Structure formats: C-alpha cells, structure tokens
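What follows is each chain in one-letter form.
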Amino acid sequence: MIHKTIIEPFKIKSVEPIDMSTEKERKQFLQNAHYNTFLLQSDHVIIDFLTDSGTSAMSANQWAGIMNGDESYAGSKSWQKMEAAVKELTGHEFILPTHQGRAAERIIYGYLGGEDKTFISNTHFDTTRANIEFSGAEAIDIPIPESSDTSLIHPFKGNMDTDKLSQIIIDKGAKNIGAVILTVTNNSGGGQPVSMANTKAIHDICKEHDIIFLLDCCRVAENAYFIKHREPGYENKSYKEIAQEMFSLTDGSAMSSKKDALVNMGGFLSLRDPELAKECTNLLIITEGFATYGGLSGRDMEALAIGLEEVFDADYLEYRIKSTAYLGNKLHEMGIPVMMPIGGHAVYIDAKKLYSHIPVNEYPGQALACELYVKAGIRTVEIGSVMFGKYDEKGELIPAPMELVRMAIPRRVYTQSHIEYVIETFDEILKTKNDVKGIKILEEPEFLRHFTAKFAPVDVNEKVEL
Ligand code: F0G
C-alpha cells in the first residue's frame, strides 16, 4: 500500500516543553520587543519559525558523538573526523573550521574583497552581503528574472542569470571580480533550488575569465533533493553524489553547518587553492582559533561530521522536503499568496500581495510577522524591505524586490500537529487581513538593521518608550 501521509522518519526520545500564552499576553510581549521578532524571548514563542539555522534536533547518534568529542587543542580526533567528512563531500583539499557561516564569510570575503571589487551571486544572503560590503566591495544579485514572480512555477527558480553574469564581468573587468558566489538553495530568493546545468554554466564562465567560483552550501543536501527529482539525468544518482558533483564544479565553499549539517553551531570554509588557503588560515588563526578547531569545540566537530552524513539519508530528505511542501501547498490552496513552488527549508508568504492595502514603506512583511505572533505565537522573519531596503539621498526607501515573510522550518523539531496548528492560524489571518495596519521604523542600526531595529504600528502616535 502507498500511504499518502509522510510520517516523521524518527521517534522522539527527548522532549522540550513549549510555554503556552494567550493573545493578550502576546500583544504585550510584542510591544516589549518593539515589534521586532528577533527581540522576542523564545519562551514567549509557541512555534518558532524564525530560522532553520542552529535549531535542528540532533540525533541520538550525534549526542553520542558529543560525549566522544576530543577537546585537544591541536590535531584532535574529532577534527580529523570532521575534516574527512567535509573533504569527502566537497572534494576540496583545504578545510578550515569556523564557528558558523559568517565567520567563514568574514575570512574569505575580507581577504578577496576591498574597494573596487565586485562580488556576484544569485542572491547574497544578508551576512554574506554585509561581510562583502564591510570590506568596501560591492555585492550584485542576479537571480533569473522568473525568481521575482512569486506565483510562477519554475523547477529551478534559484538559478543565476548567466547572461547578466557574462555582461557584468565584461563591464567591470574580470580582474575586479572578487568571486562569483552560488547560494544553494537560494535562501533570500525564496529557498529555491539551483540546477546542475546552471552550476555548470557558471563554472564555465568563471573558468573562461579566471574568476573564483564559490558555493554557499548551507542547504546543499536539500538542493540535491530537487535536482534528483527535477533535473533529467539525475534520477539514479544518490543525493550525496549530486552534491559532490556540484562541489566539483567550484573552487571552494563556505558552509553554515547550522543548516544541513544538523548541528546547533558550526561552519567551515573549503578551498582548492593552496595560496588562498594559506592566507585564509592565517586569518582563521588570528580571529577564530587554531587551524584544527576554528571556533569549535571537539564535540561540535564530532556532531557536525555525523550530521553531514545523516542529512543525505533518503528517508530524511524525502520527509524534510515533503513536509515543508505540505505546509506551503495547504496555504496555497487556502488562497494565501506563497512563493511557488515551495522551497526546501521554508515557506515564504508574499506579504505585498496578502496586504495589498499596506504600502511598501509601511513594511507589509513586518506587519504580517507581528500578526502571526499575536494570533498564534508563531515567530517568523520579514525578508523584504526591512531586511534589504536602502535609502536614497533624500532618505526615501528604495524597497527590496519582494516583501516576503519566511516561515523557516527547524529540522526534525515539529510534528504534523504543530503544522496543522499553523495552517489553522491562516484562516484567521485571511479573515482579518483588511484590518491590519502598516509598521514604521523608530530606530535602526547601519548594518543588518532587521536584527535590532525598533518598530511601532503606523497608527501609534504617542512616543514609544525606547
Ligand atoms: N549563507 C546563507 C545562505 C545563510 O542562510 C546563512 C544563515 C549564512 C550564510 C550565514 O550563516 O548564520 O551560520 O553565520 N542563515 C540563517 C537564516 C541565519 O536564518 O537563514 P551563519
């Protein structure tokens, strides 16, 4: 018999209680958090979809690995295990452990960046862009045009526009390109996958112009799932073989292992070029730690090596991708405008469409994130003009291309009944949508403003205590 219910392919051995709260309490909690979901306390959250990063449940095997962690300063057994696992996956010769993705980014983009350099990506994640811009370089996003039409069905909406890539290289001059960075899956572009054909085309262009090609590979296993099921010629390859092929086309990678390595903390940089690896290792030692632990404990490296194996398990990936799609497709059927097709790690809601009465300079995405929290204790994040908006010389908002709200699903954490609770909440979101007001920014930092900015509803006139 073929079952239509995809069950979680694990049993629960250890549980963590959720603190329940009322709508009235949550209104207060949200006000205390200045209407910024990053400033909420986690014990005031019922379903935490803020991020899939570092929020995975580790397996019994990984917890056993934690006890086996070798905490030697240099050359620990756990490092050897992690290095071997990363080398086997990436095929890259030089592996640098870091405490998380952005530490790897700071090292590589700090080194390759600087004034007059340009980096090109399908979409730079916010920390990637921040590290590049912090070095004085510019970061250009060139996703394929189809990527910004949220309702359009395309198998690989995360692809990079290779015509534009060639053009930018010619315009800027190849020697001024710091690197080309392919983000898989394309997180900020809706969690959409990138095809192998696109990766090959980028590889060829970079080779022709002698430009470094790097993979931002946080969700490379999820991307491999889509390739196997959507790209002709990959049906009979294993998920890991697909990922290995993708890495084989690149000169290096940066990974936040808090995603597809199923750990709570960890990351790495992998490189082919010995000179580049030497320079980056020097920076690693100055800022992260010695070359055989970076910013990690032995036990972290142990869990990371095990997680990197587990994530390619076919039953796990089937459950992971299908359960994300279950939530997204249900919302789509209800008439909630979601980014289609559903991506790997998250469901993205098009808040500009849902709240068409709220102008972009009143941040419809932030308004929806606040609504979801007040109605049901669901914590999400705005991925729109709060995260990526800029100001022109007159101080007017230059909006982001899309106003999305991301519901990122932690790996192996929530069950189907949690997901049903979320789906139910959207009935109410639909019913009350016309009453929802926009949001204004009261205070913001210069970089990565979404983390700490303070907001208020537009109709709140009295000065909010800061
Ligand atoms: N690259 C991508 C594509 C990411 O999604 C992230 C993190 C990073 C790099 C940075 O890694 O957090 O370990 O320093 N994304 C998280 C998210 C924060 O919620 O999507 P990090």
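Calculation rules
Residues numbered from 1 in each chain as written. Predicted model: local features only at pLDDT ≥ 70, side-chain atom pairs only at ≥ 80, totals over all residues. Heavy atoms only, no water. Buried < 20%, exposed > 50% of the residue type's maximum accessible area, 1.4 Å probe, protein only. Helix = DSSP H or I, 4+ residues; strand = E, 2+ residues; numbered from the N terminus. Pairing = 2+ DSSP bridges. Right-handed = clockwise from strand over helix to strand, strands pointing away. Disulfide = S-S within 2.5 Å. Core = buried A, V, L, I, M, F, W, Y, C linked by side-chain atoms within 4.5 Å. Domains from an automatic or database assignment. Contact = heavy atoms within 4.5 Å. Near = heavy atom within 4 Å. Polar contact = N/O pair within 3.5 Å; in protein donor to acceptor, adjacent residues only side chain to side chain. Areas by Shrake-Rupley, 256 points an atom, 1.4 Å probe, with all protein chains shown as cover. Nonpolar A, V, L, I, M, F, W, Y, C, P; charged D, E, K, R; others polar. Axes fitted to C-alpha atoms, helices over the stretch in contact; angles between N-to-C directions.

**Things to note about the pairing of strand S6 (residues 213-216)**
1) Next: Of the two faces of S6, both are covered, the one formed by Phe213 and Leu215 as well as the one formed by Leu214 and Asp216.
2) Next: When strand S5 (residues 177-183) meets S6, the two strands line up parallel, connected through four bridges. If you follow isoleucine 181 over to S6, its bridge partner there is leucine 214.
3) Next: You can see the chain leave S5, run along helix H7 (residues 196-209) and come back into S6, and the turn it takes is right-handed.
4) Next: In this structure, S6 lies alongside strand S7 (residues 252-256), joined through three bridges in parallel fashion. When the bridges of S7 are listed, leucine 215 appears paired with serine 253.

**As for the state of the cysteines**
1) Next: Per the stated rule, a full pass over the model turns up zero disulfides.
2) Next: No disulfide involves cysteine 206; its nearest neighbouring cysteine sulfur is the one of cysteine 217, lying 16 Å away.

**A closer look at the nonpolar core**
1) Next: Leu165, Val180, Val220 and Leu308 are the most contacted members of the largest nonpolar core, which totals 60 residues.
2) Next: Per-element tally for this core: the top contributor is helix H8 (residues 220-230), with six residues.
3) Next: Composition of this core by domain shows at least three residues from each of domain 1 (23-52 + 313-457) and domain 2 (60-310).
4) Next: Filtering out sequence-adjacent residues up to four positions away, leucine 165 remains in contact with Ile120, Ile142, Met160, Val180, Ile202 and Ile205.

**Focus: the site of the ligand**
1) Next: Among the 17 residues in the neighbourhood of the ligand, the closest are listed as Thr51, Asp216, Ser256, Lys259 and Arg406.
2) Next: A distance of 2.9 Å separates a nitrogen atom of the ligand from a polar side-chain atom of lysine 259.
3) Next: Across the complex, the protein chains shield 94% of the 470 Å² of accessible surface that the ligand would expose by itself.
4) Next: In terms of residue count, helix H4 (residues 101-112) provides more of the shell around the ligand than any other element does, three residues in total.
5) Next: Of the residues that constitute the shell around the ligand, the class distribution is two nonpolar, eight polar and seven charged.

**Some points on the sheet that holds strand S2 (residues 94-98)**
1) Next: The seven strands are arranged S2-S8-S7-S6-S5-S3-S4 in an open sheet whose pairing can be described as mixed. Taken across any chain shown, the strands that pair with only one partner, and hence form the sheet edges, are S2 and strand S4 (138-141). Going from strand to strand, the sheet's axes swing by 20° on average, the running direction of each strand aside.
2) Next: One ladder, built from four bridges, connects strand S3 (residues 118-121) with S4; its direction is parallel. Opposite serine 121, over in S4, you have aspartate 141 as the bridge partner.
3) Next: Sitting on the sheet, helix H3 (residues 77-90) touches S2, S7 and strand S8 (267-271), and the angle it makes with S2 is about 125°.
4) Next: Packed onto the sheet, H4 meets S2, S3, S5, S6, S7 and S8 and runs at close to 35° relative to S8.

**A closer look at the environment of glycine 191**
1) Next: Along the chain, glycine 191 turns up in the loop between S5 and H7.
2) Next: Accessibility expressed as a relative area gives 0% for glycine 191, which makes it buried.
3) Next: Sequence separation of glycine 191 and arginine 219 is 28 residues, and the distance between their C-alpha atoms is 9.1 Å.
4) Next: Ignoring sequence-local partners within four residues, the contact set of glycine 191 consists of Thr185, Asn186, Gly343, Gly344, His345 and Tyr348.

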